Structure formats: C-alpha cells, structure tokens
Amino acid sequence: MRRLIVIGGGHAGIEASAAAARMGCDVIMITLSRNKIGEMSCNPAIGGVGKGQIVKEIDILGGIMAQAIDRTGIQFRKLNSSRGCSVISSRSQADRYLYQKWMQNRIETYCNIKILEDEVESICVKNNRVNGVETVRNGFIKADAVVVTTGTFLKGLMHQGEKKIQGGRYSEPPANNLSNNLLDLGFELIRLKTGTPPRLLKSSINFDGLIKVPPDKTIEPFSFWSRSVNLPQIDCYLTATNDSVHDIILKNRERSPIFNGQIQACGPRYCPSIEDKVFRFSNKTSHQIFLEPEGLDSDIIYPNGISTSLPIEVQDQFIRLIPGLSDVKIVRYGYAVEYDAIKPTQLKQSLEAKHIEGVFFAGQINGTSGYEEAAGQGIIAGINAALYLKGEPPFVLKRNEAYIAVMIDDLTSLGVEEPYRMFTSRVEYRLSIREDNAFVRLGEYAIKLGLLPEQKRVTLEKALQSYHFLKSNANKLKVDISGESMNLEKAAKRADIEFKYGEYAFNFGVEEKVLRAVVNDIKLSGYLARQHREISWLERVESIKLPKELDYSQIPGLRREFVEKLSKIRPETLGQVARMPGVTPSTIVTLELYIKKKNESKQVSYC
C-alpha cells in the first residue's frame, strides 16, 4: 500500500488524515505531541458567518468536524436568521476539553492511521517528486505523498509587549528547520501574524448587569447525520470596552509590538487585536466582548474580542476597567504569534505544489485563519493526496459548488497579504450554495469518491432521491394552509404564511431538512435562474485550460504587467485569470483567442 504522511495534528491534519484513510490509504500523522491533536488553540467554537457553511460541506464529504461539535457543543446558535437562507450560518461553542478528546479518540479508530510523535525537519524530494521526510527522532521515513499542515509553528515567535518567546502556541516549541527546507525546495514564504486574548477565571467575574446571550431554543445539529445534541446548553455574556479602557491602550501605543515595529507580519483584518481596533477605529467609544465559557466543567472564560499582544501589566490595567471584570483573575495573558506561511499561488487548485509532485499544503500554512478554513483545505488535500497515490485525476470543486472551492480558488489565484478568513460576502453564488443544500451540492461527489461508510451512504442516497422527487413534483404535491389546499410550489412562494416544515415533511415521508432545501430552492427560483446564466459563463472559461509551458510574452496585445503576473502565478484555467485583480475583459478575450488559435494546429485542451 502506498504511504501518505500528514505533517501536523491540527484541524487540517485531522481532516486530511481521515479523508485519505477512508479512501484506503496508509497514513502516518506526524505531530509534536499526540495529546495536542485537535486542540482549539484560540476560540472554543466552531462555525460562524461563512465558516458554518464550510463545516456543513466538510460533513457531506465525510469529514468529522461537524460530528465533533455535535457531540461536544454547549451553545448552538443560528446567525443571520433574519437575513435570508443564503447567509444563515451555524455556530456553536464547544467544550474545549471534550472536543479535543473526541477528535483524538476518533482518529484512533482508524486502523490505517498511525500517529507518530516527532518533528519533521525536511521534506525529501527526488526528481521533483516527494519520496519521504526526514525527522528528528526517527530519521528518514519513506512516503509517496505528503500533506503539510503546520499551523502557526513554522518559525513561530510569540509576543507579549517587549517580551518575545519562540513557539507556535502557548508552551509549545516552534518548528524552525522545516521553514528553511521549504525555502531550499524553492517555495516563497511570507510572514503572518495572529493573536489570542487572555483567559479569565469565571468565578472572579461579576455577571450582574451584563447582557445574557442564550442558545437557540430549537437546536439544529451541524452534521447531516446527527439526530440530536445531547450536552446541556449554556449562556454566554456580552460586555464591552469603554473610554477608560481605550485611554490605557492609547497611552501604551509604543509598547504594542504591532505598532512599535517589533512585529513586521500582517495580522488578520477581520479579527484584529483590541489595540488595533482602538487605533484604527478611533471614533468608536466601545467594542463588544463576548464572554464564552470554555466548557461545562471549566472555570475558564474566553473573552472574544480582546485579542492582544500588549505587555501583561498593561493587560492587567485595561481588562479590569471592563464592566464585570473589575475583580477578575487572569489565568493566562494574551499574546500575538508570528509564523511562516507559503505563498498559496504556488499551489494548484488541488492544493498540490506546482513544482513538486506529491506535496500538498493545507491550513494556516496557506495563509488562512480559523479552524474551519483549515479543516476545509485539509479534507481537499487529503482527498487529492489519496487520488494522487491511486494515479487518478484530482478532485477540484468549482466556485459555484462550495464555499471551500471559493476559498481555495481565492488562495491559489489571488494569494494573500494577510490571514484569509471566509465570509458569505466572498461568495458570488451564495444563493446556490447555502448551508441547507450542502448534501445536494456535494453528496454525489462523496458517494463517487468512496468517502462515506455504508450506512451514511444509504442515508444520503435516500435524501437525494427525496429531494429530487419533491423538486420535480412540487406543482402536484398538496399542503394545507389554514384550511386552504394548495400545491407545494405555490405554498413555498407565499411570504405571508408560516411554513410548517415538520408537519409537511412527515406527510410527505421525507426528512425536514430535505423539505427545507426544496422550499428554499423554490423561493429563490427566479434569482437562481439568473445566477445559473452567470454560472454557465463561468463554467465555459473554467473549462479552458492554460498550458503549463505557455509563454505569455509571446501573446500579441497582452500588457507587460499581465505578462509578468501570469508568468509568475501560472494559473491553471482562464477562469482563474478572470478573477485576478485588475484583469480586464479584453485580456480574457486576448488569451482565449490565442489559446484557440494555438490549438487549432494541435489539440484543444479542456479540463
């Protein structure tokens, strides 16, 4: 059996290992510590705006993140519920300890995944093809493919004011040698930054007067296959900063590593530190802070919204000026971490390196932030590594098929200058790729790729049959609305009625989630028809493959700036070119005509 090595046991490494194992590969997961597999390094939550959609997609492709949060979630909420089905996103607080243990136990159930505690010093390459890795304790380990999921550990450097500590995570050492090896192998690296807030002792917080944020009354599990959520549900609380807090931060500007030049790397735009918020949005008098419990039996609170790298004595000052926290005990202080990542434009859309066969990358090493983004890349990298080992074509989703596809296409086509975070606003076709229809969009792929065990496959096939039956018979099937009988299609389009999903699903003999996907399709049918016309154009340009050896300097009429950009990035399709910043319609036409003319004397090449 051909062997795959996965470097790292975080969210990307877990999904990559599990996906490849489900497809029959022999997997070795190499991680610095077995006990750290599945750790939630920062926020103890899964999902959120744009992120919830990714988790649902991972789930349909056989991934395990959704099942993990269903087993360990302690506060489930639907975000954007009032804004329409296309942007509704699921989110849940997790019991941090239970989540990590569940993930570790699940990985250990795979008989073809071996966990090895070690550090990878280098990836070994022969004739532009990977042939193994060199480790600190076990020496050379042969491999036919490698997935790199190193998170924030490559030359990780943590900052607390003037204090600098080498490490990729609190109390964990960095991985320095692999960074140098990647440079030697011809990869361009970039420096990025992320951060985490202090951890607070729950029993020292005064919750009186703070705004309670309860869980949803009706809980919908993340996983398509979960029937219920069994853990008790808890409240979170909302507080905020104030002028006094801001004054302390402003007075200590020169002690902030992100403003005094100590940190050179770019941080996440959409998850900034509290000092970044105070300086960037000086007109705002307060910033929200969510106080999130880390577990049912934990006395630790995660204050979501005050990530910081200020010195610990400054953290002591400003945190105690926040309502509810005047007598708080700080269990662990916040810090920022700088780390190396690769330029993701060096990857194919399969997440395989363009210049070295059999090496795949996933997670924060590709310039993303967040557990969900990492896991989404991980499952695609794991699938494609398995297909590579089998000698089969790669699995590449289109932008109109999945949030995961949008993310990967953005990374590989546009690159990053700061940690990438998924939002619904990044997705052009979000009416078509919603949370509720992930099983319709990706179910057939999961079945074809063999990503599901028998019982799940049968359940999914039944759901797809029910979906297509309801969709094709919507103008015939009858429902009763306040004593009036009408067909399903008409009822779904009525905005003035409350649709009884549970009752109607029971009458039709289908699951409620299947009926909901059909009804949403009907409600959006006019908009979807318009969107499908746009998708047809997208699919046409995506089908035009650009030869790997194409000399852009020889294309008449192509501007010099585009020649340089295209020669460096080497896009795989014309569709990728169309999404590059500054590319004009005339550039697309010029390239398309040139490719067609070039292939008239040879052979037209399509994906």
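Coordinates for the structure precede this section.
Conventions we followed
- Residues numbered from 1 in each chain as written.
- Predicted model: local features only at pLDDT ≥ 70, side-chain atom pairs only at ≥ 80, totals over all residues.
- Heavy atoms only, no water.
- Helix = DSSP H or I, 4+ residues; strand = E, 2+ residues; numbered from the N terminus.
- Rg over C-alpha atoms; globule rule 2.2 N^0.38 Å.
- Contact = heavy atoms within 4.5 Å.
- Lys, Arg positive; Asp, Glu negative; His and termini not counted.
- Charge placed at Lys NZ, Arg CZ, Asp CG, Glu CD.
- Pairing = 2+ DSSP bridges.
- Axes fitted to C-alpha atoms, helices over the stretch in contact; angles between N-to-C directions.
- Salt bridge = Lys/Arg side-chain N within 4 Å of Asp/Glu carboxyl O.
- Buried < 20%, exposed > 50% of the residue type's maximum accessible area, 1.4 Å probe, protein only.
- 1 Å grid on protein atoms, 1.4 Å probe; cavity = no way out; pocket = protein on both sides within 12 Å on 5 of 7 lines; lining within 4 Å.
- Points joined across faces, edges and corners; volume = space filled by probe spheres on them.
- Nonpolar A, V, L, I, M, F, W, Y, C, P; charged D, E, K, R; others polar.

Enquirer: Hey, could you go over the overall build of the protein chain for me, with residue numbers and the actual values?
Expert: Scanning the protein chain from terminus to terminus reveals 19 helices and 23 strands. Taking 607 residues into account, the globule formula puts the C-alpha radius of gyration at 25 Å, and the protein chain, at 25 Å, falls close to it. Reported as C-alpha extents along the three principal axes, the dimensions of the protein chain are approximately 70 × 70 × 50 Å. At a minimum sequence separation of 6, the contacts of the protein chain that also span at least 24 residues come to 72%. Both charge centroids of the protein chain, one from 81 positive and one from 71 negative side chains, sit 3 Å from each other.

Enquirer: Explain the sheet that holds strand 9 (residues 139–142) to me, using residue names and the numbers behind them.
Expert: Here we have three strands laid out as an open sheet, ordered 7-8-9, and antiparallel in their pairing. Each edge of the open sheet is held by one strand with a lone partner, namely strand 7 (120–126) and strand 9. For this sheet, the mean angle separating the axes of adjacent strands, direction not counted, is 30 degrees. In the sheet, strand 8 (residues 129–135) pairs with strand 9 via four bridges, with the strands oriented antiparallel. Residue pairing in the sheet places Glu134 in a bridge with Phe140 of strand 9.

Enquirer: Which residues make up the pattern of salt bridges, and what values do they have?
Expert: In the structure shown here, the tally under the stated rule is 41 salt bridges. As a salt-bridge pair, Asp410 and Arg399 come within 2.9 Å of each other at their nearest N and O atoms. With Asp410 in helix 10 (residues 403–414) and Arg399 in the loop between helix 9 (371–390) and helix 10, the pair connects residues that are eleven residues apart, well separated along the chain. On the basis of relative accessibility, which here comes to 8%, the residue Asp410 falls in the buried class. The exposure class of Arg399 is buried, given its relative accessible area of 6%. Residue Arg434 pairs with Asp521 through a salt bridge whose shortest N-O separation is 2.8 Å.

Enquirer: Let's hear about the pairing of strand 7: which residues, and what values?
Expert: With six bridges joining them, strand 7 and strand 8 adopt antiparallel strand pairing. Within strand 8, the residue paired with Ser122 across the bridge is Glu134. The hairpin formed by strand 7 and strand 8 contains two residues between the paired strands, and Asn127 there has a positive phi angle of roughly 55 degrees.

Enquirer: Before we move on, can you summarise empty space enclosed by the protein with the specific residues and values?
Expert: In this structure the tally under the stated criterion is two cavities of 30 Å³ or more. Of the pockets and cavities examined, the largest cavity occupies roughly 70 Å³. Around the largest cavity sit Gln349, Ile380, Phe395, Val396, Leu397, Ile404, Ala405, Ile408 and Asp409, which together line it. Per element, the largest residue contribution to the lining of the largest cavity is four residues, and it comes from helix 10. A per-class count over the lining of the largest cavity returns seven nonpolar, one polar and one charged.

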